[in-house]
Amino acid sequence: MPLATPSAPPRTSPRCPDCQENVSVSDRYCEACGRELGARRVALPYPESESATPRPCDACGAQQYDADGYCRACGQLRAPRDRFEADLGAVCVATDRGIAHARNEDSVAAAVVEAATGGAHPAPQTVVIVVCDGVSTSEDPQAASGTASRSGVDAALTALAEGRDAPDAALAGLAAAAQAVRDIAVDERHAPSCTYVSAIVRGYEADTVEITVANVGDSRAYWLVPAPGAPDIPPSQRLTVDDSWAQALVDAGAMDEQTAMKDPRAHTLLRWLGADSGDRPWSDTCVRAFRTRGPGLLLLCSDGLWNYQPDAHGLAALATAPEPMRAARDLVEFALRSGGSDNITVALARVP
C-alpha cells in the first residue's frame, strides 16, 4: 500500500476508547471514566544509570559511578552492557552489542495500547514498534537511532489517537523520526544517521490482523510462521524492501539477491535518516499493509541478524520457542554464534 504524503488529520477530537468522551491527545487519563489513555512503552538500550540494579565495577566491585560513567572508588570506566531486553506481553524486544563492536548503535522502541472493551466502538489492541540501526560511518550514530526510534513511536501513537488510519500513522511516525534526526545535527558537517523500520499491528476484522510497515534503509520486517500454518495463513515472507545497493541490483535485473549480496557495495545505503538525507528521505512505496491470520510472528530486526539468515523461512525455523521472549533471545544468540560482527536488534510480536 504505497503512500506519498500523509492525509490531513480529521477535525473531530479523539475519544476515550471506553466511554467515547472527547479527550485531548495530551491527556493521560479520561476525565469522564478514569481510563488510562497512554501506552505501555519501552525504549532500548537505556542509560546504565536508569537500571534498577547497577552492575558492579569490573575492576573493584563498587556500584557507584559519576555522571561520566567512571567508578567513584577506583576510577575505572564502566564497561558497556552487552544486552538489553524487555517483554511487554504483546511484543518482546532485545538488543545486543554483538562481539565486534565497542558500543551498541542500534535502538528499538515499542508501545502497547491495550484493547478497549467498553463503549459503542470497542478498540482492538494496538502495538507500535520501531527498530533503527545507526550508520557507523556517521558521527554519533547511536544518538540518531535512539531519537528516531522514540520519536517514531510517539508520533505514530499520537496520529492513531487523532483517529488517523495505520498507514497514515506509520508515515507520520517516519516523518517525525526523520525530523528528529535532522534536529540533532549541530552544524552542516555533523550528520548522525540511521536506518528505520516500523510496524503497527492492529485487529482488522474478525480474526484478521493488519500489519502496517514503513522503512528507510536496510533494517527489515518479516512475517514468520514457525510451524506449518493453515492454508489461509500467508507463508513466511519479508515485508519490506531494502534501500541498498544490493536491492538496486536485484530490482534492475542485474543479479539475483544471493549474488548481489556478495558485491562489496551490497550494504551501501541509498536512503537513510540524517541531516544529509533531505527533508523526505523515503520512497513513495515505503509504507505497506499486510493482512493475515495467526498463529505467526512479526519480526523487526537490524542487519546484525538478517546478515546471517536473510531468508524468512530460515528465520522462522529459528523462532520456534513457544514464548516470544525466548524466541527473540534465540534469534540474538544465533547471530552471536554466527559471528556477531554487528549490533543485533530483534522485536517479536505474536499474532495469535
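The structure presented is a predicted model; accordingly, all values stated were derived computationally and were not measured.

Student: Help me out: how do you make sense of the confidence of the model for the chain in this one?
Tutor: If pLDDT is low for a region, its predicted coordinates should not be looked at in detail. Overall, the predicted model of the chain reaches an average pLDDT of 88, with 87% of residues at or above 70. Long-range and interchain partners of residues 1-12, a stretch whose pLDDT sits below 50, account for 28 contacts in this model, where long-range means more than four residues apart.

Student: How should I be thinking about the packing of aromatic side chains in this particular structure?
Tutor: Two descriptors summarise a pair of aromatic rings, namely the distance from one centre to the other and the angle between the planes of the rings. By the definition in use, this model includes 1 aromatic pair. Judged by centre distance (5.9 Å) and plane angle (50°), the rings of W223 and F290 are tilted. Of this pair, W223 sits in strand β9 (residues 220-224) while F290 sits in strand β12 (residues 287-292), and the two are 67 residues apart along the sequence. With relative accessibility at 13%, the residue F290 sits in the buried group.

Student: Please explain the pairing of strand β7 (residues 196-205) as it appears in this structure.
Tutor: For a regular strand, side-chain orientation follows a simple rule: the groups alternate between the two sheet faces. Direction of pairing for strand β5 (residues 126-133) relative to β7: antiparallel, over a ladder of 6 bridges. Paired with I129 across the two strands is A199, which belongs to β7. Two elements, β7 and strand β8 (residues 208-216), share 9 bridges in a ladder whose sense is antiparallel. Paired with R202 across the strands is E210, a residue of β8. From the end of β7 to the start of β8, which pair antiparallel, there are 2 residues, and A206 there has a positive phi angle of about 50°.

Student: I keep staring at the sheet that holds strand β10 (residues 237-238) and nothing clicks. Help me out?
Tutor: Strands belonging to one sheet form pairs held by backbone hydrogen bonds; the direction of such a pair is parallel or antiparallel. Strand order across the open sheet formed by 6 strands is β2-β3-β14-β13-β9-β10, with antiparallel pairing between neighbours. Pairing within the sheet leaves two strands with one partner each, and these edge strands are β2 (83-87) and β10. With 5 bridges connecting them, β2 and strand β3 (residues 91-96) associate as antiparallel partners. Residue pairing in the sheet places A86 in a bridge with V93 of β3. The strands touched by helix α7 (residues 324-337) within the sheet are β2, β3, β13 (296-301) and β14 (344-351), with β14 carrying the most contacts at an inclination of about 150°.

Rules used in this analysis
- Residue positions are counted from 1 within each chain, in the order its sequence is given.
- Residues qualify for local features only when their pLDDT is at least 70, as the model is predicted, and side-chain atom pairs are given and counted only at 80 or more; totals for whole chains, interfaces and linings, by contrast, use all residues.
- Water and hydrogen atoms play no part in the side-chain values, which are based on all heavy atoms of the structure.
- The pLDDT value tells you how sure the predictor is about a given residue, anywhere from 0 up to 100.
- Contacts are residue-level and defined by heavy atoms, with any inter-residue pair within 4.5 Å sufficient.
- A pair of Phe, Tyr and Trp rings is counted when the ring centres sit within 6.5 Å of each other, with Trp represented by its six-membered ring. The angle between the planes then sorts it: under 30 degrees is stacked, over 60 is edge-to-face, the rest tilted.
- In DSSP terms, a helix is any run of H or I states spanning at least four residues, a strand is any run of E spanning at least two, and both are numbered starting from the N terminus.
- Residue burial is assigned from relative accessible area. The probe radius is 1.4 Å, only protein chains are included, and a residue is buried under 20% of its type maximum, exposed over 50%, and partly exposed in between.
- Two strands are said to pair when DSSP picks up at least two bridges between them.
- Angles run from 0 to 180 degrees between N-to-C directions of axes, and those axes are lines fitted to C-alpha atoms, restricted for helices to the stretch in contact.

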